[in-house]
Amino acid sequence: GDEEIKDMAALEITERNLYTSNPLRSPLPDGVLDTRLGISDRKLECATCKGRLTDCAGHFGFIRLELPVFHIGYFKHVLSILQCVCKSCSCLLLSEVERAEFQQAISGKGCTVNKRNATFKKLVERCKRVRSCPACKALNGPVKKLPNQLKLCHDRFLKDEKAKAQFLTTFDQAKRENERIEEHLGKAVENLNCLRVWEIFKRIKPEDRELLNIRVPPEKLLMTHIPVPPVCIRPSIEMEMSSATNEDDITMKLIQIVEVNNSLRGSIEKGLALTGLMESWDFLQMQCAMYINSEA
């Protein structure tokens with residue numbers, strides 16, 4: 001989880017450049033080669049434990065993400081949870097009687113992991129058919145993954161023409177600004193971006209976690225911090241006949257994450273156009289997914 005990542009880290013990484021510009025080319029403070037993360041050069045000393053290359057096993061750092069992103073390893077389970085809860089009040093889409101039935105199915109010492117997984121699968125199928133939340137009466141529709149993307153959408157007004165028409169009136173101002181929007185309105189659905197999912201997950205009651213087949217707060221399935229591994233497992237290789245270095249693929253991916261994260265922070269602080277901010281957020285999501293895959 002995020003707290004564990006911060007607790008075990010020696011520092012927060014915020015600098016995208018690797019080395020100082022002076023002739024010595026020493027690792028930049030707060031960069032992904034900061035000597036507080038350990039070393040890969042026999043001539044250097046670790047700034048955290050003062051050990052040399054043979055003594056220091058390295059230290060982790062972390063990158064604090066400006067906006068949360070989906071963890072590619074938990075994405076399927078995140079989708080399943082969203083299919084089970086109301087997108088307005090975060091309550092399970094079950095009546096009290098149904099909830100009791102599912103609770104009974106997974107209670108007791110004899111409940112195996114396989115039985116728990118099978119019960120959760122049945123729970124998802126039951127909740128997917130519910131169109132009105134038993135708790136707040138809000139409309140709910142199918143939640144789907146967009147093709148070839150780590151994005152989710154919620155078709156809240158499926159088969160409810162009156163509610164759909166009311167929803168489409170929210171685009172009146174946009175239609176006046178851009179006439180071409182009109183032809184795409186029939187496909188309009190709610191975008192469940194990671195920040196929206198974070199808000200839904202934060203409201204899920206602790207007693208519902210077991211039914212949702214998780215033991216932790218659901219928002220921990222989303223990423224707000226990226227672990228930065230020690231320098232010694234991604235060493236810089238000095239190139240012959242040159243002062244330049246050849247960097248590990250993980251280091252290069254971390255540089256990209258820091259760069260786009262800093263750009264996203266600047267966009268938020270300056271209040272730049274939402275279009276540019278969303279593009280940066282999408283790029284951050286893609287880079288983090290690639291990084292997690294490379295670590296796996």
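It should be emphasised that the depicted structure is a prediction, and the values quoted were computed from it without experimental measurement.

Draft legend 1. View of the pattern of salt bridges. In the structure shown here, the tally under the stated rule is 16 salt bridges. Between E259 and R16 there is a salt bridge; the shortest N-O distance is 3.4 Å. Of this pair, E259 sits in helix α8 (residues 249-270) while R16 is found in the loop between β1 (9-12) and β2 (60-70), placing the two residues 243 residues apart along the sequence. Take R16: its relative accessible area is 30%, and that puts it in the partly exposed class. When the shortest N-O distance is used, the salt bridge between E190 and R196 registers 2.8 Å. For E190, a relative accessible area of 18% puts it in the buried group.

Draft legend 2. Inspection of the side chain of K164 at higher detail. Within the secondary structure layout, K164 lies in helix α5 (residues 161-168). Although K164 is buried, it makes no salt bridge; D155 carries the closest opposite charge, 4.2 Å away.

Draft legend 3. Highlighting empty space enclosed by the protein. Counted under the stated rule, the structure contains one cavity of 30 Å³ or more. By volume, the largest cavity is sized at about 50 Å³. F102, I106, R116, T119, F120, L123, E210, L211 and N213 are the residues that line the largest cavity. Contributing elements (two or more residues each) for the lining of the largest cavity: α3 (96-106) and α4 (113-128).

Draft legend 4. Molecular detail of the packing of aromatic side chains. This model, assessed by the stated rule, comprises three aromatic pairs. Where F70 meets F75, the ring centres are 5.2 Å apart and the plane angle is 80°; that geometry is what we call edge-to-face. Accessibility assignment for this pair places F70 and F75 in one class, buried. Ring pairing ties together the aromatic residues F157, F167 and F171, which thus form one cluster.

Calculation rules
Residues numbered from 1 in each chain as written. Predicted model: local features only at pLDDT ≥ 70, side-chain atom pairs only at ≥ 80, totals over all residues. Heavy atoms only, no water. Salt bridge = Lys/Arg side-chain N within 4 Å of Asp/Glu carboxyl O. Helix = DSSP H or I, 4+ residues; strand = E, 2+ residues; numbered from the N terminus. Buried < 20%, exposed > 50% of the residue type's maximum accessible area, 1.4 Å probe, protein only. Lys, Arg positive; Asp, Glu negative; His and termini not counted. 1 Å grid on protein atoms, 1.4 Å probe; cavity = no way out; pocket = protein on both sides within 12 Å on 5 of 7 lines; lining within 4 Å. Points joined across faces, edges and corners; volume = space filled by probe spheres on them. Phe/Tyr/Trp six-rings, centres within 6.5 Å; stacked < 30°, edge-to-face > 60°.

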